[in-house]
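Observations on chain architecture
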Amino acid sequence: MSRIYNFSSGPAMLPTWVLERAQKELLEYKDTGQSVMEMSHRSPEYMEIHARCQNSIRELLGISDDYHVFFVQGGASLQFSMIPMNLAENKVLIVNTGEWTKKAYTEHIKIVPTEIIADSEPDSFSYIPHVTEDMVDQTADYLYICQNNTIFGTAYPQLPQSGKVPLVADLSSMICSEPMDIDKYGLIFAGTQKNMGTAGVCVVILRKDMLKPKNDKLPTMLNYYTYIENDSLFNTPPTYAIYLSDLVCRWIREEIGGLENMKKLNNDKAALLYEYLDVSDFFRNPVNKEDRSMMNVTFVSPSTELDKLFIKEAAAAGFINLAGHRLVGGMRASIYNAMPSEGIKALVEFMKDFEVNHG
Ligand SMILES: *Cc1c(COP(=O)(O)O)cnc(C)c1O
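Analysis parameters
- Residues numbered from 1 in each chain as written.
- Predicted model: local features only at pLDDT ≥ 70, side-chain atom pairs only at ≥ 80, totals over all residues.
- Heavy atoms only, no water.
- Helix = DSSP H or I, 4+ residues; strand = E, 2+ residues; numbered from the N terminus.
- Rg over C-alpha atoms; globule rule 2.2 N^0.38 Å.
- Buried < 20%, exposed > 50% of the residue type's maximum accessible area, 1.4 Å probe, protein only.
- Contact = heavy atoms within 4.5 Å.
- Expected span 1.5 Å × (residues − 1).
- Salt bridge = Lys/Arg side-chain N within 4 Å of Asp/Glu carboxyl O.
- Near = heavy atom within 4 Å.
- Polar contact = N/O pair within 3.5 Å; in protein donor to acceptor, adjacent residues only side chain to side chain.
- Areas by Shrake-Rupley, 256 points an atom, 1.4 Å probe, with all protein chains shown as cover.
- Pairing = 2+ DSSP bridges.
- Axes fitted to C-alpha atoms, helices over the stretch in contact; angles between N-to-C directions.
- Core = buried A, V, L, I, M, F, W, Y, C linked by side-chain atoms within 4.5 Å.
- Domains from an automatic or database assignment.
- Buried area = accessible area lost by both parts, 1.4 Å probe.
- Nonpolar A, V, L, I, M, F, W, Y, C, P; charged D, E, K, R; others polar.
- Lys, Arg positive; Asp, Glu negative; His and termini not counted.
- Phe/Tyr/Trp six-rings, centres within 6.5 Å; stacked < 30°, edge-to-face > 60°.

1. Here's the deal with the overall build of the protein
Tallying secondary structure elements over the protein gives 9 helices and 13 strands in all. Its C-alpha radius of gyration of 21 Å places the protein within 12% of the 21 Å reference for a compact globule of 359 residues. The C-alpha extent of the protein, read off along each of the three principal axes, is 65 × 60 × 30 Å. Each of the 359 residues in the protein was classed as buried or not, and the buried ones make up 55%. In the protein, the share of contacts with a sequence separation of at least 24, taken over all contacts with a separation of at least 6, comes to 67%.

2. Considerations on helix α6 (residues 239-256)
With 18 residues, α6 should reach 26 Å at 1.5 Å per residue; the first-to-last C-alpha distance of 25 Å fits that figure. Of all the 18 residues making up α6, 15 are buried; the element is thus mostly covered by neighbouring parts of the structure.

3. Comments concerning the pattern of salt bridges
Evaluated as defined, the whole model comprises 20 salt bridges. With a closest N to O distance of 2.8 Å, Arg-207 and Asp-209 form a salt bridge. Looking at Arg-207, the relative accessible area reads 21%, which means it is partly exposed. A relative accessible area of 57% places Asp-209 in the exposed class.

4. Regarding the site of the ligand
Neighbouring the ligand are 13 residues; Ser-77, Thr-150, Asp-170, Gln-193 and Lys-194 lie closest to it. Gln-193 places a side-chain nitrogen or oxygen 2.8 Å from an oxygen atom of the ligand. Lys-194 places a side-chain nitrogen or oxygen 2.7 Å from an oxygen atom of the ligand. Within the complex, the protein chains bury 86% of what would otherwise be the 390 Å² of accessible surface of the ligand.

5. A closer look at the sheet that holds strand β2 (residues 67-72)
Read from one edge to the other, the open sheet built from 7 strands follows the order β2-β10-β9-β8-β5-β3-β4, with strand pairing classed as mixed. Edge strands, defined here as strands with exactly one partner in the open sheet, are β2 and β4 (114-119). For this sheet the average axis-to-axis angle between neighbouring strands, irrespective of direction, equals 20 degrees. Here strand β8 (residues 167-170) runs beside strand β9 (residues 187-191); their pairing, made up of 3 bridges, is parallel. Across the sheet, residue Val-168 finds its bridge partner in β9, namely Leu-187. Set on the sheet, helix α4 (residues 99-108) makes contact with β3 (92-96), β4, β5 (142-146) and β8; between it and β3 the angle comes to about 155 degrees.

6. Regarding the nonpolar core
Soluble globular proteins: nonpolar side chains tend toward being buried together. One finds Ile-57, Leu-61, Leu-143, Ile-205, Phe-283 and Phe-310 to be the most contacted residues of the largest nonpolar core, which totals 89 residues. Considering every element that reaches this core, the biggest residue donor is α6, with 11 residues. Those residues in contact with Leu-61 that sit more than four places away from it in its chain are Ile-175, Cys-176, Met-180, Ile-182, Ile-205 and Leu-259. One finds Ala-104, Val-112, Tyr-142 and Cys-202 within the second-largest nonpolar core, a separate group that totals 25 residues.

7. Digging into the domain arrangement of the protein
Segmenting the protein into domains produces domain 1 (16-255) and domain 2 (259-358). Here the C-alpha centre of domain 2 lies 27 Å away from the C-alpha centre of domain 1. In this complex, domain 1 contributes 25 residues to the contact, which on the side of domain 2 involves 24 residues. When domain 1 packs against domain 2, the two sides together hide about 2,000 Å² of surface, and 60% of this comes from carbon and sulfur. Seen at the junction of domain 1 and domain 2, the total is 0 salt bridges. Where domain 1 touches domain 2, the interface holds 10 residue pairs in polar contact (both at pLDDT 80 or more). Each residue belonging to the side of domain 1 that touches domain 2 can be placed in one class, and the counts come to 14 nonpolar, 8 polar and 3 charged.

8. Description of α4
Looking only at α4, the buried set comprises Glu-99, Thr-101, Ala-104 and His-108. On the buried face of α4, the contacting elements are α3 (75-87), β3, β4 and β5.

9. A word on the side chain of Asp-170
Mapped onto the elements of the fold, Asp-170 is located in strand β8. One buried charged side chain, Asp-170, makes no salt bridge at all; its nearest oppositely charged neighbour is Lys-194, positioned 7.1 Å away.

10. Let's talk about the packing of aromatic side chains
What the rule picks out here adds up to 20 aromatic pairs. Centroid distance Tyr-29 to Tyr-243: 6.1 Å. Interplanar angle 90 degrees. Geometry classified as edge-to-face. Separated by 214 residues along the polypeptide, Tyr-29 in the loop between α1 (16-24) and α2 (44-61) and Tyr-243 in helix α6 bring together distant segments of the chain. Grouping residues by exposure puts Tyr-29 and Tyr-243 together as buried.

11. Some words on the side chain of Ser-334
Secondary-structure assignment places Ser-334 in strand β13 (residues 331-334). Within the local environment of Ser-334, its side chain forms a polar contact with the side chain of Asn-296, the two groups lying 3.0 Å apart. In contact with Ser-334, other than residues within four places in its own chain, are Asn-6, Phe-7, Ser-8, Ser-9, Met-295 and Asn-296.

As structure tokens, then:
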């Protein structure tokens, strides 16, 4: 058996520990005589997994009782609509830092007046705009950001100053990669297929005081109350995806030793790549240094022809999914929690050789 270095932006690599654990429990979970996939979502065995996953997320991220934690299907993308449906009454502010905020804006504007208060699109989303309190209309329902921009490889070096206006953040590509100060947010959401599991579930962490009175006109499955009042078990939840997310959280706690250690590992991994990109005369990282993402490292060679050749030769050498997003081209190495540092060291060696041969 061999495991390839997969730099996919998501679904992405899972820790070997998690896959092996899932494999061990695949035919029979504990002594139930069945796989988690086959279990009734109302069975005591599954209910235990469900509660444990919520607890694992709470413990790992340090989430207090001021917050609800629940599981929704429809990906991170459905939250672009559900958030304004449930939390907006007056107006919403948004910082435009890439494709994912553009998509969030497209959905928001259908539901509530939405204003872009800062925008790095004119500079090809190569930086994170600095947001100060005077830019934030204090009557807004919330300020929406994407904290790590998966496609462009940027991340907020610090959170915007929004005054009394709560922050709503898309953390799909960075959740569980470092410790977070949850109390700074009104709502956090993340599709789990990048950094904390597999496709099929979106984790929503909502400060209780953000909820408006229950609006029975909302479609049941689009109403946060449905998930909160029924503990994410109103209908069948994505049981296996929830089971896997719990394993990922436990891997971080038990094997890595928590989010401080996870951050150090991720920092060191990203530094290996960025340090090489900074000295290379051939490859270059196109984003503002302070705003570099620790999770998604973008780079280009001197020409699109060489980019294509690099992606092809890298794949043949066992480094797959290094092509940049179809909208931006170039290359992107997504190096989430599960990517081992050996994978990055090997990639940098490969890049050095490519530079010698084609530079
Ligand atoms: C991948 C991604 C999404 C979309 O996630 P889906 O689960 O496919 O809807 C949204 N936001 C960010 C930041 C992402 O990286």
